[in-house]
Amino acid sequence: MRIDILTLFPEMCERVYSESIIGRSIAKGLLEIKSHNIRDFAANKHHNVDDTPYGGGMGMLMMAQPIYDCYMHVCEETGAKPYLIYMSPQGKVLTQEKVKELAKMDNIAILCGHYEGVDERVIEAIVDEEISIGDYVLTGGELPALVLSDSVARMLPGVLANDEAMEKESHYSGLLEYPQYTKPAVWNDMPVPDVLLSGHHANIEKWRNEQSVKRTKERRPDLLKK
Ligand code: 4F9
């Protein structure tokens, strides 16, 4: 899979995905991520990418032309027409369901907005889907784009170890994780639950499942309804 990020801050993106598990997966050739600076496609001599909104109002908007030309460049470079996602609070909120769907694609591109948003016409012209990562506002779409890239990358074959990959499937049955403990057996006068030290696998499994249900009821009753 290849992910192309269209952004005014390519270095910020590169710094994040070149580290850790995703960085290693890129080095192993399991996926490719490339960032493109929208400013490189500004047609005016001052390399402006934003202007004031028609009708008045606060702040600046990103102009359609540099974004469009940047996307066309990505199409040429990839020899494909990547599924273009615009990270925006106006989009549908990201779910694991959507992450799995995107992980099946060969080429996706992610547009990061800045300022007060982008000219609606470029959304109409090239954006396939708007996605939000939650009901709050950020200063730009880079962090949401990195959240989306990370969540998609970890679903690709070979990125996670086999046991983690199995876990990830069962976890998204819609329940929260059960509590977990590691050594020592007593820490700060707090013991690990007896059942986990018993070696009785059926009881452990039952306890973990009960804990998952209890937590989900208490913390995320909305997930149980689904
Ligand atoms: C994008 C917030 C996606 C949440 C982009 C300002 C954003 C966002 N999810 N906020 N620019």
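Per chain, residues are indexed from 1 in the order of the written sequence. For a predicted model such as this one, the threshold for reporting local features is a pLDDT of at least 70, and the threshold for listing and counting side-chain atom pairs is 80 or more; totals across whole chains, interfaces and linings nevertheless cover every residue. Hydrogens and water molecules were not included; the side-chain quantities draw on all heavy atoms of the structure.

(A) Just the domain arrangement of the chain, in detail. All domain edges in this entry derive from an automatic or database-based domain assignment. Partitioning the chain into domains gives domain 1 (2–153) and domain 2 (168–225). Computed from C-alpha coordinates alone, the two centres of domain 1 and domain 2 are separated by 37 Å.

(B) Spatial organisation of the environment of Val159. Checked against the element boundaries, Val159 lands in the loop between helix 6 (142–153) and helix 7 (162–171). Each residue gets one of three labels from its accessible area relative to the maximum for its type: buried under 20%, exposed over 50%, partly exposed in between, using a 1.4 Å probe on protein chains only. With relative accessibility at 7%, the residue Val159 sits in the buried group. Remark: the alpha-carbon pair of Val159 and Val192, spanning 33 residues in sequence, is separated by 31 Å. Residues count as neighbours in contact if any of their non-hydrogen atoms are within 4.5 Å of one another. Apart from residues no more than four positions distant in its own chain, Val159 is found in contact with Ile21, Ser25, Leu30, Ala153 and Arg154. Where helices and strands are cited, they refer to DSSP runs of H or I of at least four residues and of E of at least two residues respectively, numbered from the N terminus.

(C) Representation of the site of the ligand. Put simply, a residue is near a molecule or strand once any heavy atom of it comes within 4 Å of that molecule or strand. Residues in close proximity to the ligand include Met87, Ser88, Pro89, Ile131, Ser132, Ile133, Gly134, Tyr136, Leu138, Gly140, Gly141 and Pro144, which together make up its full environment. Here Ile133 contributes a backbone N or O atom positioned 2.9 Å from a nitrogen atom of the ligand. Here a nitrogen atom of the ligand and a backbone polar atom of Leu138 are 3.1 Å apart. For every accessible area listed, the method is Shrake-Rupley and the probe measures 1.4 Å; residues are considered covered only by the protein chains on display. A total of 290 Å² of accessible area belongs to the ligand in isolation, and the protein chains cover 92% of it. Among the elements of the structure, strand 5 (83–93) and strand 7 (129–132) are those that each provide at least two residues to the shell around the ligand. Whenever a nitrogen or oxygen atom comes within 3.5 Å of another N or O atom, the pair is scored as a polar contact, on the condition that within protein one atom can donate a hydrogen and the other can accept it, and that pairs from neighbouring residues in sequence are kept only if both atoms are in side chains.

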